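These are the residues of each chain, in order.
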Amino acid sequence: MTDWLGLPALASAHGGQIDGILGWTHVFMLVLFLGWGGFFAYTLVRFRRSRHPVANYTGVTSPASKYSEVGVAVIEGILLFGFAIPIWAARVDRMPPDREALLVQVTGEQFAWNVRYAGPDGVFGRTDIKLLDAQSNPLGVDRSDPAAKDDVTTLNQLYLPVNKPIIVRLKSKDVIHSFGVPEFRVKQDAIPGLTIPIWFVPTVTTAEMRIRTGNPEFEYEIACAQLCGLGHYRMRGFVTVQTAEEFQKWMAEEVEKLKGESDIFR
Ligand SMILES: [Cu+2]
């Protein structure tokens, strides 16, 4: 219905509502543009100099402009209170319960996205700033904490299961970044010192999207949507949306790798 907007392909459950209000806003703005533009053209002709050698000091006496102003305000009120605020409230207030969702921590830094999953135990383990190492441990995960042993971390790569609510807990290590995935109609600033939750339900796997778009190399891209420094242009991550089985398989493999790397499991 909103194809004419030329938006990226849609791949989240709530995205249709966002496209809907984008579409209605554009239609309304087009009506306003044609209305005001037409009125402007009319006044140029109607009040041309040859017809009015002397200015009219009374001005417009008809109440039509007042009515049209009130009409515009009413329609804007409907868009705002009827659509925009309820859609926004659903995003920020009606978070799904943690147990029904997959929780992922995404931490922005100059110039990368650090991703962390709680692992099979469902608990994010301890982190310690003293353990922070830009290369080997960018999140300072304390692997001596039992809850941290199975915490899976990735760099610039987010794996998600399809059709499951995802809660991203967004953080930043340095400056303001912004987590934007256009196909999910998701965009949220990552602000140092805050953990900001965002949630969405991906509805199309990467494999399916490759077929739909006819592009065998299609990837969902996390674009940093705030100018965050000189390397901003290369701050991109990727999202791979998989079936539940594929995601579980991937997670199991990552946990196996962690076991191989550390002797904590032995
Ligand atoms: Cu950034």
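Whatever comes next refers back to the structure up there.
Note that the structure is a prediction, hence the values are computed from the model and not measured.

Thresholds, definitions, all that
- Residues numbered from 1 in each chain as written.
- Predicted model: local features only at pLDDT ≥ 70, side-chain atom pairs only at ≥ 80, totals over all residues.
- Heavy atoms only, no water.
- Buried < 20%, exposed > 50% of the residue type's maximum accessible area, 1.4 Å probe, protein only.
- Helix = DSSP H or I, 4+ residues; strand = E, 2+ residues; numbered from the N terminus.
- Pairing = 2+ DSSP bridges.
- Axes fitted to C-alpha atoms, helices over the stretch in contact; angles between N-to-C directions.
- Parallel < 35°, antiparallel > 145°, perpendicular 65-115°, else oblique.
- Contact = heavy atoms within 4.5 Å.
- Nonpolar A, V, L, I, M, F, W, Y, C, P; charged D, E, K, R; others polar.
- Polar contact = N/O pair within 3.5 Å; in protein donor to acceptor, adjacent residues only side chain to side chain.
- Phe/Tyr/Trp six-rings, centres within 6.5 Å; stacked < 30°, edge-to-face > 60°.
- Lys NZ or Arg CZ within 6 Å of the ring centre and 35° of its normal.
- Core = buried A, V, L, I, M, F, W, Y, C linked by side-chain atoms within 4.5 Å.
- Donors = N, O, S within 2.8 Å, 3.2 Å for Na, K, Ca; no water.
- Tetrahedral: all angles 85-135°; square planar, octahedral: opposite > 155°, others 65-115°.
- Salt bridge = Lys/Arg side-chain N within 4 Å of Asp/Glu carboxyl O.

Next up on the list: the pairing of strand S3 (residues 152–155). Side chains Val152 and Thr154 project from S3 onto a buried face, and the interleaved Thr153 and Leu155 project onto a face without burial. Note that strand S2 (residues 112–117) and S3 share four bridges and pair antiparallel. Residue pairing across strands places Val115 opposite Thr154, the latter belonging to S3.

The interhelical angle for the contact between helix H1 (residues 15–46) and helix H2 (residues 64–92), taken along N-to-C directions, is 170 degrees, at an axis separation of 10 Å. Comparing the axis directions of H1 and H2 gives the class roughly antiparallel. The segment H1 lies against H2, with Gln17, Ile18, Ile21, Trp24, Thr25, Phe28, Leu32 and Trp36 engaging Ser68, Glu69, Val72, Ile75, Glu76, Leu79, Phe83, Ala84 and Ile87. A breakdown of the residues in the contact of H1 with H2 according to their chemical character gives twelve nonpolar, three polar and two charged.

A separate point is the side chain of Thr206. Note that Thr206 resides in helix H3 (residues 206–213). One polar contact links the side chain of Thr206 to the main-chain amide nitrogen of Val241, over a distance of 2.9 Å. In this view, Thr206 contacts Phe218, Glu219, Tyr220, Val239, Thr240 and Val241; residues no more than four positions away in its chain are not counted.

Bringing unusual backbone geometry into the picture now. Along the chain, Gln110 connects to Phe111 via a cis peptide bond; the corresponding omega equals 5 degrees. Along the polypeptide, Phe111 turns up in the loop between strand S1 (102–109) and S2. You will see that Asn163, though not glycine, has its phi angle at about 60 degrees, which is positive. Inspection of the secondary structure puts Asn163 in the loop between strand S4 (157–161) and strand S5 (166–172).

In this description, an aromatic ring pair is defined by two values, namely the gap between the centres and the angle between the planes. Tallied over the entire structure, the rule returns eight aromatic pairs. Pairing Tyr117 with Phe247 gives two aromatic rings, centres 6.1 Å apart and planes at 55 degrees, and the pair type is tilted. Taken together, the residues Tyr117 in strand S2 and Phe247 in helix H4 (residues 244–261) connect sequence positions 130 residues apart. Neither residue differs from the other here; Tyr117 and Phe247 are each classed as buried. These aromatic residues form a ring-pair network of at least three members: Tyr117, Tyr159, Phe247 and Trp250. We note Arg46 situated over the ring of Phe47; from NZ or CZ to the ring centre the distance is 5.0 Å. When the ring centre of Trp199 is taken as origin, the NZ or CZ atom of Arg91, which lies over that ring, is 4.4 Å away.

Looking now at the nonpolar core. Ranked by size, the top nonpolar core spans 38 residues in total, and within it Tyr117, Leu158, Phe179, Phe184 and Tyr220 carry the most contacts. No other element matches the five residues that H4 contributes to this core. Sequence-distant contacts of Tyr220, that is, excluding residues within four places in its chain, are made with Ala11, Val181, Glu183, Phe184, Val204, Thr205, Thr206, Met209, Gly237, Phe238, Val239 and Val241. Grouped together as the second largest cluster of nonpolar side chains are seven residues, Ala101, Ala118, Phe124 and Val201 included.

The protein atoms that coordinate the copper ion are His177 (ND1), Cys224 (SG), Cys228 (SG) and Met235 (SD), at distances of 2.1 to 2.4 Å. Viewed at the metal, the four donor atoms of the copper ion are separated by angles of 91 to 121 degrees, and the geometry they form is tetrahedral. On the basis of relative accessible area, Met235 is assigned to the buried category, the value being 2%.

A word on the pattern of salt bridges. Taken as a whole and judged by the stated rule, the model has eleven salt bridges. One salt bridge in this structure joins Arg210 and Glu219, with 3.1 Å as the shortest N-O distance. With its nearest N and O atoms 3.6 Å apart, the salt bridge here joins Glu256 to Lys259. In this pair, Glu256 and Lys259 both sit in helix H4, three residues apart, roughly one turn of the helix.

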